[in-house]
Amino acid sequence: MASSPSQRNYSAPCPGCGAPVHFTSAQSSFAVCEFCRSTVVRDGETLKRIGSMAEVFEDYSPLKLGASGMVKRNGKPEPFTLVGRTQYKSSAGNWSEWVARLSNGDLAWLSEDNGSFVFSVPWQPPGWTVTAFETREWRMGREVKAGADAFTVTSIQDAQLLAAQGELAQLPELGKSFKLVELRNEKDQILSIDFSGKAPDFSLGSAIALDSLQMQGLRSSANKKEEGRHFNCPKCGAVVPVRFDTTKAMSCPSCGSLIDMSKGMGGELSFAEQRKKIRPLIPLGSQGTLDGLKWQVVGFQRRSGRGMGEDEDDSFMWDEYLLYNQKAGFSFIVDSEDGWSTARVINGAPKLSKNGATATYLQRKYQRDYAYLSVTEYAEGEFYWPVFKGAKSSNVDYAHGGKQNTLALETANQETTWTHGQRVSAESIAQAFGIGKLKDRSQVSPVSGSGFSWGTILFWLFILLFTLPFLRACMSSPNCDPRTDPNCSYSRSSSGSYGGYTSGGSHK
């Protein structure tokens, strides 16, 4: 017998197998039977079966249904319990969202974002009358007002529901594509718009550390080990151990192939061979202390860049090291032609001027420095976003204080990411990770490492100056015609500057 659907705790027999299906929130309209995976919807005092749900793929998240915690809302602690879960995919990768029931019965969401977590609640943007997705209304980089706040469109995805568990406020049709738009602001807030239903659903969230939620009932490390956090390389068959719950790509420690894990370890794993191994200056696994936190190097990638517009002839390379700290999450060390720097992804979006010449973040104005296209040339280790050889992105760098502080804007697959960086010395990085002397490429002179002494250079300079008048006389001789005389040549100056390119230094 079903309990009253007006109550928070509501249960009724599954129309597919007869097992009880529980609802703990009056806002939950859908549920997935944990026994037969029937998808059901509330229909008065009974449940109506509307289909069958695919089984969730194992992403080794530390979260699970029934886990509880505490989140601060309006300055006060608010208890919550995870009661549902949805898994989605888009061109940017796969991800999970967890449905959280608050103490008053309202629903919220806990989801992954750039290696961290975001806690979101339903929110109606003031003054908005959006009823459906209109392409002309949504474009990357557009600034939209919501009351007194301004948000920037940072992601427009064609998403699909892959699987679901537990109770849900809404449920997109399985496998059917729908639009998902994200906007961010300089307050590090994230506004999400889900166009899967008849009317759009809005939610507003901000980044949060999992430790700060004081969660109980999480999956234990022991359980993860028993379930086997490893797989066999699809190229060579070697065992590949997986360390992080959020891993979307990693390299095989045996053959070096770069493996795509964005579909989960249960899916068909694709890979790309990497025949030329690059040795990182800071070895993977190295541990070091920066800003009072102990970090470990877990990933490395080399990327190339090519300028855009008038600078399209400029090309350059830079290296990125992915760092991990159990409480702080992920950060980066960047080795570029501008020197060494540390960087972290920011959850919000700096405010851009109308012409894009400046970006303001935390009340500091950054000047546009360089625009370029980047390509991933090599990757090794473990990454929380889909990394693959040949991955391309469009980048814009902004600088402040002589490039002591930087902002990097990176766009790929209709998704934008901002990274904030700070210049550090090569010596401090080397000391932090206990390795030998690191070269600062911004301080390298044209003769550094050439093997020539200044005496040798001065000698050849003298020879050049001595012979220059004779060369000039020959080249300017009226009897010398380069079109007919094979011993005659001429030269012209190049408009390009020597060594005049700017490195990127963005991350993902």
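Each value, and the rule that gives it
- Residues numbered from 1 in each chain as written.
- Predicted model: local features only at pLDDT ≥ 70, side-chain atom pairs only at ≥ 80, totals over all residues.
- Heavy atoms only, no water.
- Helix = DSSP H or I, 4+ residues; strand = E, 2+ residues; numbered from the N terminus.
- Contact = heavy atoms within 4.5 Å.
- Areas by Shrake-Rupley, 256 points an atom, 1.4 Å probe, with all protein chains shown as cover.
- Salt bridge = Lys/Arg side-chain N within 4 Å of Asp/Glu carboxyl O.
- Buried < 20%, exposed > 50% of the residue type's maximum accessible area, 1.4 Å probe, protein only.
- Core = buried A, V, L, I, M, F, W, Y, C linked by side-chain atoms within 4.5 Å.
- Phe/Tyr/Trp six-rings, centres within 6.5 Å; stacked < 30°, edge-to-face > 60°.
- Pairing = 2+ DSSP bridges.

A count of helices and strands for the chain gives 3 helices and 31 strands. Contacts in the chain between residues far apart in sequence, at least 24 positions, make up 55% of those at least 6 positions apart. Carbon and sulfur atoms form 50% of the exposed surface of the chain, whose accessible area is close to 26,600 Å².

What the rule picks out here adds up to 16 salt bridges. Between glutamate 337 and arginine 441 there is a salt bridge, with its nearest N and O atoms 3.2 Å apart. Residue glutamate 337 is found in the loop between strand E24 (329-336) and strand E25 (339-346), and its partner arginine 441 is found in the loop between helix H2 (426-432) and helix H3 (454-475); the two are separated by 104 residues along the sequence. Glutamate 337 sits in the partly exposed class, given a relative accessible area of 24%. If you follow the salt bridges from partner to partner, you end up with Glu134, Arg136, Glu137 and Arg142 in one network.

Counting 17 residues, the largest nonpolar core has Ile282, Leu290, Ile333, Trp340, Ile429 and Phe433 as the members making the most contacts within it. Put simply, the parts of the chain that give this core at least two residues each are strand E22 (293-307), strand E23 (315-325) and H2. If one sorts the elements of this core by residue count, H2 sits on top with 4 residues. Ignoring any residue separated from it by four or fewer positions in sequence, one finds phenylalanine 433 in contact with Ile282, Ser286, Gln287, Gly288, Leu290, Trp295, Val297, Leu323 and Ile333.

The full count for this structure, using the stated rule, is 23 aromatic pairs. Between phenylalanine 133 and phenylalanine 195, the aromatic rings sit 5.5 Å apart at their centres with planes inclined by 75°, giving edge-to-face as the arrangement. Of the two residues, phenylalanine 133 sits in the loop between strand E10 (116-122) and strand E11 (143-146) while phenylalanine 195 sits in the loop between strand E14 (189-194) and strand E15 (201-208), which places them 62 residues apart along the sequence. Taken together, Tyr324, Phe330, Phe332, Phe383, Tyr384 and Trp385 form an aromatic cluster joined through their ring pairs.

Moving on to unusual backbone geometry. Residues other than glycine seldom take positive phi values, yet arginine 37 does so here, at roughly 65°. With respect to the helices and strands, the residue arginine 37 is situated in the loop between strand E3 (30-32) and strand E4 (38-43). In this structure, leucine 362 takes a positive phi of about 50° despite not being glycine. Take leucine 362: it is sitting in the loop between strand E27 (358-361) and strand E28 (364-383). When its relative accessible area of 61% is taken as the criterion, leucine 362 is described as exposed.

Let us look at the pairing of strand E6 (residues 68-73). Where E6 meets strand E7 (residues 76-90), 6 bridges bridge the pair, whose relative direction is antiparallel. Note that in E7 the partner of lysine 72 across the bridge is proline 77. Remark: 2 residues form the turn of the hairpin made by E6 and E7, two consecutive strands paired antiparallel; asparagine 74 in that turn has positive phi of roughly 55°.

Most of E25 is tucked away: 7 of the 8 residues are buried. Pairing of E24 with E25, which is carried by 5 bridges, proceeds in the antiparallel orientation. The residue bridging serine 336 from the neighbouring strand is glycine 339, located in E25. Between E24 and the antiparallel strand that follows it, E25, lie 2 residues. Pairing between E25 and strand E31 (residues 415-424): 7 bridges, direction antiparallel.

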